[in-house]
Amino acid sequence: MFKKKWLIIPLIIIGFYYNLWTIRNADTEMIFDGIIYGFLILIFLIFLGFAITKDLKKNKSKKNWKNFFPTIIGISFLISFVVININLRLRDRSPIIIQAGYDGDFNGAWFEFRKDGTYKFGNHAGIGADYFRGKYELKDSIITLDKKEIDNVIKTNKLAIRNEVYGDSASKIIIQIDENHKIVDKEIKFRVNEYKVVE
């Protein structure tokens, strides 16, 4: 059976590893990710094309739905690619109410606080970035996170929204504070780029 339907094997292997890699690296980004994912999809589609062509030819000589088994496997994986990617994107469907970032030249970090009480923290350096997600509570100007440490950048679970004056203008920043509202890290200030909180 496997000799006749050998195309099932590469379809399963490539499909499985594509889904596994997509899920495992959902919160990690590297500069070459697009090339690798694109290459895997291209190879998968080539094998799927061979499978469809071969199955159609086989079905002409002998009508049987089982002839399309490799094609069914391939299309099933193709659908799973779409479903998994849509589900991963849906994690960020809630509108952003606060977006703030820190630019450290070669590296940087940013927060996205969403209306549904979830946040996304990104920490990037050079060729890659890591993302961390969780829940938060906003009370007045204090943001309480569900984590006390994030990737050696965030060192407390409390953040404060403050106004910082530059000459004649003022802008909002987010700083890290402790339980006594003292600044934890004076170097890292997240400049607020988007603020849609209804006060």
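Remember, predicted model here, so these are calculated numbers, not experimental data. (Residues numbered from 1 in each chain as written. Predicted model: local features only at pLDDT ≥ 70, side-chain atom pairs only at ≥ 80, totals over all residues. Heavy atoms only, no water.)

**So, the pattern of salt bridges**
Should the charged atoms of two oppositely charged side chains come close, the side chains can pair. Rule in force here: Here, a salt bridge means any side-chain nitrogen of Lys or Arg that lies within 4 Å of a carboxyl oxygen of Asp or Glu. Helix and strand definitions follow DSSP, with helices as H or I runs of at least four residues and strands as E runs of at least two, each counted in order from the N terminus. Only protein chains enter the calculation, and the probe is 1.4 Å; a residue is then buried if its accessible area is under 20% of its type maximum, exposed if over 50%, and partly exposed in between.
Scanning the model with the defined rule gives eleven salt bridges in all. The partner of Arg 91 in a salt bridge is Asp 27, and the shortest N-O contact between them spans 3.3 Å. Remark: Asp 27 occurs in the loop between helix 1 (8-24) and strand 1 (28-30) and Arg 91 occurs in the loop between helix 3 (69-89) and strand 2 (96-104); sequence separation between them is 64 residues. With a relative accessible area of 30%, Arg 91 lands in the partly exposed category. Overall, the relative accessible area of 23% leaves Asp 27 in the partly exposed class. Between Glu 112 and Arg 114 there is a salt bridge, and its shortest N-O distance comes to 2.6 Å.

**Examining the environment of Trp 65**
Along the chain, the position of Trp 65 falls in the loop between helix 2 (33-61) and helix 3. With relative accessibility at 59%, the residue Trp 65 sits in the exposed group. Considering only alpha carbons, one finds Trp 65 and Asp 55, ten residues apart in sequence, at a separation of 9.5 Å.

**What about a nonpolar patch on the surface?**
Here is the rule: Patch definition: residues above 30% relative accessible area lacking any salt bridge, with like charges linked at up to 9 Å and the nonpolar side chains Val, Leu, Ile, Met, Phe, Trp and Tyr linked at up to 5 Å. Per-residue and other accessible areas follow the Shrake-Rupley method at a 1.4 Å probe size, with only the shown protein chains counted as cover for residues.
Among the surface-exposed residues, Met 30, Ile 31, Phe 32, Ile 35, Ile 36 and Ile 127 lie close enough to one another that they form a single nonpolar patch of about 590 Å² accessible area. Relative to the assigned elements, Ile 36 resides in helix 2. A residue is classified by how much of its surface remains accessible, and Ile 36, at 31% relative accessible area, is partly exposed.

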